[in-house]
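Residue-level listing of the chains:
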Amino acid sequence: MTIRLSSLKVSPDAFASVMATGILSTAAKNHHYTLISNALSLIAVLAWAALVVLTIVSAAARRRALPWDLAKLENTMPLFTFVAACAVLCNRLSSDHPLVLPILGAIAAAAWLGLMLASTRDI
C-alpha cells in the first residue's frame, strides 16, 4: 500500500468539528463540568493542530500556498469554519492561557479578512 501526499485532501469545512468540540467544551466549563471541559478542549486543540498540519502538507504536496482554489465560492464559504474554530478555541482557552488570545485572535482575524476579500471578489 502506497500513500501519496498529493492524494491527501482536506475538506474546506473540516474545521467544523473543532468548532463544535470547542463549543461543547465551553458549555461544559460554564456548567462546571471541569473534567469534561478540559478533555473536550484538549481534543479540539489536537484536532485543530492536526487539521492545520494536514492542510500544510496537502498544500506543499501540490506546491501551492493552500490546497483549495479560493476563486471558487464553494471553497471560501466553508473555510469560514476555520475562522470560527479559531475564535471558539480562543474564547475557551484565553482565560487559562492569556497568550492564546493574541495568537489565535490574529490568525482568526487574518483568515476572516482574506476569506471576506476572496468571497466578495466574485459577487
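Note that the structure is predicted; figures quoted are calculated from it, not measured.

**Topic: the nonpolar core**
Phe 15, Val 18, Trp 48 and Leu 104 are the most contacted members of the largest nonpolar core, which has 22 residues in total. The element contributing the most residues to this core is helix 4 (residues 80–93), with eight residues. Residues contacting Leu 104, with those up to four places away along its chain left out, are Trp 48, Cys 86, Leu 89 and Cys 90.

**What about the confidence of the model for the protein?**
Averaged over the protein, the pLDDT score is 90; the fraction of residues at 70 or greater is 93%. Helix 1 (residues 16–30) holds the highest mean pLDDT among the elements of the protein, 97, whereas helix 3 (residues 73–76) holds the lowest, 89.

**Structural notes on helix 1**
With 15 residues, helix 1 extends 21 Å from end C-alpha to end C-alpha; this agrees with the ideal 21 Å at 1.5 Å per step. If you check which residues of helix 1 are buried, you get Val 18, Thr 21, Gly 22, Ser 25, Thr 26 and Ala 28. Buried residues of helix 1, seen end-on, are gathered within an arc of 160° and therefore sit on one face of the element. For helix 1, the exposed residues set more than 90 degrees away from the buried face come down to Leu 24 and Asn 30. Turning to helix 1, the residues buried within the fold contact helix 2 (34–61) and helix 4. His 32 occupies a position one or two residues after helix 1 and carries a positive phi of about 65°.

**Side note on the environment of Ala 108**
As for its placement among the helices and strands, Ala 108 is situated in helix 5 (residues 100–121). As a C-alpha pair, Ala 108 and Ala 84 span 24 residues in sequence and 7.5 Å in three-dimensional space. Ala 108 has contacts with Val 83, Cys 86 and Ala 87, leaving out every residue within four places of it along the chain.

**Some words on unusual backbone geometry**
Residues apart from glycine generally show negative phi values, whereas peptide bonds are mostly found in trans. Phi is positive for His 32, close to 65°, though the residue is something other than glycine. Looking at the element boundaries, His 32 is found in the loop between helix 1 and helix 2. Taking the relative accessible area as the measure of exposure, His 32 reaches 68% and is therefore exposed. With a phi close to 55°, Arg 63 is a non-glycine residue in the positive phi region.

Calculation criteria
Residues numbered from 1 in each chain as written. Predicted model: local features only at pLDDT ≥ 70, side-chain atom pairs only at ≥ 80, totals over all residues. Heavy atoms only, no water. Core = buried A, V, L, I, M, F, W, Y, C linked by side-chain atoms within 4.5 Å. Buried < 20%, exposed > 50% of the residue type's maximum accessible area, 1.4 Å probe, protein only. Helix = DSSP H or I, 4+ residues; strand = E, 2+ residues; numbered from the N terminus. Contact = heavy atoms within 4.5 Å. pLDDT = per-residue confidence, 0-100. Expected span 1.5 Å × (residues − 1). Arc of directions from axis to C-beta.

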